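Structural description and commentary
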Amino acid sequence: MLDWAELDPAKLERVVKMLVRAACGATGIDGSGGDGSQDLRHDGPDGLTIYEVKSFTRRLTTSQRRQVARSLTGAVGKHAPARWVLVIPLDPTPAELTWFDKLRVQHPQVVLEWFGRDWLDGQIAGREDLISYVEGAQYKVLRRAAQHAQERAALATGEDYLQRVQELHALGGTISPFWRWDVQDSPIGPANVLTAQTPDAATADPVSINTQFTFPAGDPDADAARAVLQRWLRSGGDVEIDGRFIDDVQVLASSEATQRLIGDPSRPVSSVRLITVPDTTDLPLHCTLALEDAAPPSAGEGVVVLAADGLDEPERGLPSVPFAFTKRIVAPHGVAMTGADPSGLLLGRVQAGADESEGTELNLSLAPLAGRYPHDALPAIAFLAACRPGTRLVFKQGPVVLTSYDAGGEASANVDYLHNLIAALELLQNHLGQLVPIPTDPPAGREAGELMAVASALTGTPGLLPYDGLSAPIVAGQIGQLLDSVPTAPGALYGAPDAFPLTLDGTTYKVPGLAMWSPGMQLTNREQLHALAADERAGRPVAPAAAQFTCVGEHKAYLIRAVDDLGEPYLPVPGLPGRR
């Protein structure tokens, strides 16, 4: 059993508190600012119990008795406990018991108890972790393990192996009462993780990692590493610093027992990876991200119009999206909150410095869109595209504004372009009645031009096609009829195929209900077709032919909605398939 009298008073008090907390379910009180006459307390069904811990190991002196009496009087006056317990590594003598009985008479409304050495010995029996903590490196379990080398004994079966692993793991938990080593998965794979064994381990026996960096001047790699470290100190995250910029890494524990668990404080390293673990306490925080006028017009400025149904509607509708903050990142020099809209595509990060006077900043970004569907992405991209000078980004819970930010300058040309493409894709999939995933690479060039022309035509507006001519296959045996029907002078051309082929990211979609039209086109391969027509008339075999039409002057080619009756200006052209 422990020799309580040989212990350092601070370590003794710490061990006694841990025993009381474990045995009685009490909560320790941080006494750094004064414990208010309560070392530990427990609010139970029979009322409040206050535990007063004293590290007196010799017979109580008059001064020490006065200290106990003052603590009791303070606890009764401040907290009115139903029960008060003196916890001390000392069993009372008859004289001390008589003195304690007098305290009971002075405070008849409180039940007084004395937990002495016998009680403490009973509680610490079997607590190898606490015995190791107080006895240090000479602890008998360490000597016994070194003597017998049990972990090196032969293994006969897998069951022997598993039992040995469990026993060694349990033995490892006795080195320090606060911490133990566990093998767990981590962001970088399996790792030895220092795990707390008590709820207050981080404050009772804090472990610190002190790293000294050196970034030589004039070294571009050093400048980049310094910038990465500075960003991590403010915003957290996951970064790695190469070992050539690291002078020393020390892992320091507050107690000797935990330092034995950790090992030598100094560690040679090839690199240091700094990972901030997100905090989700009290999260998610659900709110609305709204875009509002920076300076709302005053009353009487005509900010609403009367709709046809009699309801007032805003003259300019600014978008809003639901938003939820899901992670809190506490970095050494700042705090950040991150979240997203319901689609997970509109990402937001609110960054605050360690000093409240620094204010906060907001960063909005888009997650990768490839493979997602336009109806999911459109709210997020439309919101970003609507950000303009004179607007503010506002996080709100109902009518309560949580925080707001100036929307800044114009949305980037890339955002506007992406907004148009996503909106066009949504029109396309609604028309087709099938899902159209967003391509891996945003459409560009001819592919983008055809998509925008299709979307425009589907809304009833002619869509400019990205080419200056059209090619139409000729039905076999009708080349001569086509030449007779197409005038030599430029004219309007209309062609309505069964479906317009639109290729996106390697997938071709057949879009029905559209026609190709131009107010001014001319047949440009007439001579070639005359030769083919002569072969037809002579009965010679003719390869499949196509009529090539080219826009004339400033005229362009368009996609429009297909119609059945074009009117007088449009005459059927024999030889071309589909409606004309």
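In what follows, the structure referred to is the one given above.
Let me begin by describing the structure that accompanies this report.

Focus on a nonpolar patch on the surface
A cluster of nonpolar side chains, namely Tyr161, Leu162 and Val165, defines an oily patch on the protein surface of about 280 Å² accessible area. With respect to the helices and strands, the residue Tyr161 is situated in helix H7 (residues 158–172).

Let's talk about the sheet that holds strand S3 (residues 47–53)
An order of S1-S2-S3-S4-S5 is seen for the five strands of this open sheet, with the pairing classed as mixed. With partners counted over all chains shown, the strands left at the sheet margins are strand S1 (27–28) and strand S5 (111–115), one partner each. Sheet topology note: the strand S4 (residues 83–87)/S5 ladder contains five bridges and is parallel. Within S5, the position partnered with Leu86 by the bridge is Trp114. Its contacts with the sheet place helix H3 (residues 94–106) against S4 and S5, and it is angled at close to 155° to S5.

Describing helix H15 (residues 526–538)
In this model, H15 (13 residues) spans 18 Å end to end at C-alpha, consistent with the 18 Å of a helix rising 1.5 Å per residue. Of all the residues in H15, the buried ones are Arg526, Leu529, Leu532 and Ala533. Projection of H15 onto a plane perpendicular to its axis shows the buried side chains occupying an angular sector of 120°, all on one side. As for H15, its buried residues are in contact with helix H14 (479–485), strand S26 (514–523) and strand S27 (546–551). Once H15 finishes, Gly539 follows within two positions and takes phi at roughly 80°, a positive value.

Thoughts on the pairing of S4
With respect to burial, S4 is a largely interior element, four of its five residues being buried. Relative to S4, S3 runs parallel, the two sharing five bridges. When the sheet's bridge partners are listed, Ile50 is paired in S4 with Trp84. After leaving S3, the chain enters helix H2 (residues 62–79) and then returns to the sheet as S4, a path that is right-handed. As a crossover connection, the stretch from S4 through H3 into S5 is right-handed.

Here's the deal with the packing of H2 against H3
At a minimum axis distance of 11 Å, the contact between H2 and H3 shows a crossing angle of 25°. By the angle class used here, H2 and H3 are roughly parallel. With respect to the hand of their crossing, H2 and H3 are arranged in right-handed fashion. Within the contact between the two elements, H2 uses Arg65, Val68, Ala69 and Leu72 and H3 uses Glu96, Trp99 and Leu103.

A closer look at the packing of helix H1 (residues 9–24) against helix H4 (residues 117–124)
One can describe the packing of H1 onto H4 by two numbers: an axis separation of 10 Å at closest approach and a directional angle of 75°. In terms of their interaxial angle, H1 and H4 are classed as roughly perpendicular. On the side of H1, the interface is formed by Val15, Val16, Leu19, Val20, Ala23 and Cys24, while H4 contributes Trp119, Leu120, Gln123 and Ile124. Classifying every residue of the contact of H1 with H4 gives nine nonpolar, one polar and no charged.

Conventions and cut-offs
- Residues numbered from 1 in each chain as written.
- Predicted model: local features only at pLDDT ≥ 70, side-chain atom pairs only at ≥ 80, totals over all residues.
- Heavy atoms only, no water.
- Patch = residues over 30% accessible without salt bridge, like charges linked within 9 Å, V, L, I, M, F, W, Y side chains within 5 Å.
- Areas by Shrake-Rupley, 256 points an atom, 1.4 Å probe, with all protein chains shown as cover.
- Salt bridge = Lys/Arg side-chain N within 4 Å of Asp/Glu carboxyl O.
- Helix = DSSP H or I, 4+ residues; strand = E, 2+ residues; numbered from the N terminus.
- Pairing = 2+ DSSP bridges.
- Contact = heavy atoms within 4.5 Å.
- Axes fitted to C-alpha atoms, helices over the stretch in contact; angles between N-to-C directions.
- Expected span 1.5 Å × (residues − 1).
- Buried < 20%, exposed > 50% of the residue type's maximum accessible area, 1.4 Å probe, protein only.
- Arc of directions from axis to C-beta.
- Right-handed = clockwise from strand over helix to strand, strands pointing away.
- Parallel < 35°, antiparallel > 145°, perpendicular 65-115°, else oblique.
- Left-handed = near helix turned anticlockwise from the far one by under 90°.
- Nonpolar A, V, L, I, M, F, W, Y, C, P; charged D, E, K, R; others polar.

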